[in-house]
Amino acid sequence: MASKSPPPSPSLLRRIVDLDTAISLRLYTLTHPILPYYFLKTLEISGDGFLFFPLILSLLLYPLTLSTTTETSNNIFLINLLLGGIVDLIVIGSLKHLIRRPRPVYNKNMFLSFSVDHWSFPSGHSSRVSFIATVFYLYSDFVKDILIQLKYDLFVDYLMLIVIGWAATTSLSRILLGRHFMFDVVAGVFLGVLEGMFVFWIFNYVTLTSFLR
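Residues numbered from 1 in each chain as written. Predicted model: local features only at pLDDT ≥ 70, side-chain atom pairs only at ≥ 80, totals over all residues. Heavy atoms only, no water.

Draft legend 1. View of the overall build of the protein chain. From N to C terminus, the protein chain includes eight helices and zero strands. When its helices and strands are written in sequence order, the protein chain yields α-α-α-α-α-α-α-α. Of all 213 residues assigned to the protein chain, the portion counted as buried reaches 39%. Of all intrachain contacts in the protein chain linking residues separated by at least 6 positions in sequence, the fraction that spans at least 24 positions is 79%. Only carbon and sulfur atoms are counted for the fraction: they give 72% of the accessible area of the protein chain, which is about 13,100 Å². (Helix = DSSP H or I, 4+ residues; strand = E, 2+ residues; numbered from the N terminus. Buried < 20%, exposed > 50% of the residue type's maximum accessible area, 1.4 Å probe, protein only. Contact = heavy atoms within 4.5 Å. Areas by Shrake-Rupley, 256 points an atom, 1.4 Å probe, with all protein chains shown as cover.)

Draft legend 2. Examining the side chain of D20 more closely. Along the polypeptide, D20 turns up in helix α1 (residues 12-31). A polar contact of 2.8 Å, which involves the side chain of D20, links it to the side chain of R101. Leave out the neighbours within four places in its chain, and D20 touches R101, F181, M182 and F183. (Polar contact = N/O pair within 3.5 Å; in protein donor to acceptor, adjacent residues only side chain to side chain.)

Draft legend 3. Structural detail: helix α6 (residues 140-149). Looking at α6, one finds that the buried residues are S140, F142, V143, I146 and L147. Along the long axis of α6, the arc covered by the buried residues comes to 160°, so they all point the same way. K151, located one to two residues past α6, shows a positive phi value of around 70°. (Arc of directions from axis to C-beta.)

Draft legend 4. Summary view of the nonpolar core. Counting 23 residues, the largest nonpolar core has F52, F77, L81, F136, V143 and L159 as its most contacted members. Elements with a minimum of two residues in this core: α3 (49-61), α4 (68-99), α5 (124-138), α6 and α7 (159-176). If you tally residues by element for this core, the top one is α5, at six residues. Once you skip the residues sitting within four places of it in the chain, V143 turns out to touch F77, F136 and L159. (Core = buried A, V, L, I, M, F, W, Y, C linked by side-chain atoms within 4.5 Å.)

Draft legend 5. Broad picture of the confidence of the model for the protein chain. In the predicted model, the protein chain carries a mean pLDDT of 85, and 84% of its residues have values of at least 70. By mean pLDDT, the top-scoring element of the protein chain is α5 (95), and the lowest-scoring one is α6 (81). (pLDDT = per-residue confidence, 0-100.)

Draft legend 6. Focus on a nonpolar patch on the surface. Residues Y152, L154, F155, Y158, L161 and I162 make up a contiguous nonpolar surface patch of about 690 Å² in total accessible area. Note that L161 resides in helix α7. (Patch = residues over 30% accessible without salt bridge, like charges linked within 9 Å, V, L, I, M, F, W, Y side chains within 5 Å. Salt bridge = Lys/Arg side-chain N within 4 Å of Asp/Glu carboxyl O.)

Draft legend 7. Structural context of the packing of aromatic side chains. Scanning the model with the defined rule gives six aromatic pairs in all. Relative to Y139, the ring of F77 lies with its centre 5.5 Å away and its plane at 70°, an arrangement referred to as edge-to-face. Of the two residues, F77 sits in helix α4 while Y139 sits in the loop between α5 and α6, which places them 62 residues apart along the sequence. Both residues of the pair, F77 and Y139, count as buried. Aromatic side chains F77 and F142 sit 5.7 Å apart centroid to centroid with 55° between the ring planes, which places their arrangement in the tilted category. (Phe/Tyr/Trp six-rings, centres within 6.5 Å; stacked < 30°, edge-to-face > 60°.)

Below, the structure is given as structure tokens:
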């Protein structure tokens, strides 16, 4: 009787996916009984598009009481956030639809905003909060000026620490909630940073070109 040939070794991609799945499950299992669910859920809500878009539109429609020059800069900052949010929806939605990686089997009690939210890669929350943090970093001097005008001087020195800490914690919470695998979150963070830089560069390039004309 001929001996059976050994099964083919898994591909590199399969091994990476298996490693990602194992690490993500380990992180979820270790922290699930420790971190309170309501804390992780609050972070999830804070990075949701259903909060982000109405908030930005509200600030555009009902501007803060600032000087005329600052108000114009404020609108530019908010438009950057709005356009970047739209870019983020298109990029993440397209990738989810193309790749179609299932979410972790232990993902529970998740509200699906769109049909593509059935899929896991990449993490939309992670890309959104990373994009927001990137835009805040690129406009940090301007945002600090606004805080000073609004008498929130206490937060000026800690602005970027707060924003980056929020973005990082929210991204990590996607794994700890069981919403995503680790690589979904890493990819989301990477894409979010690129989106923030892209929107900032495009908007400033268009503004500079219009000024030179």
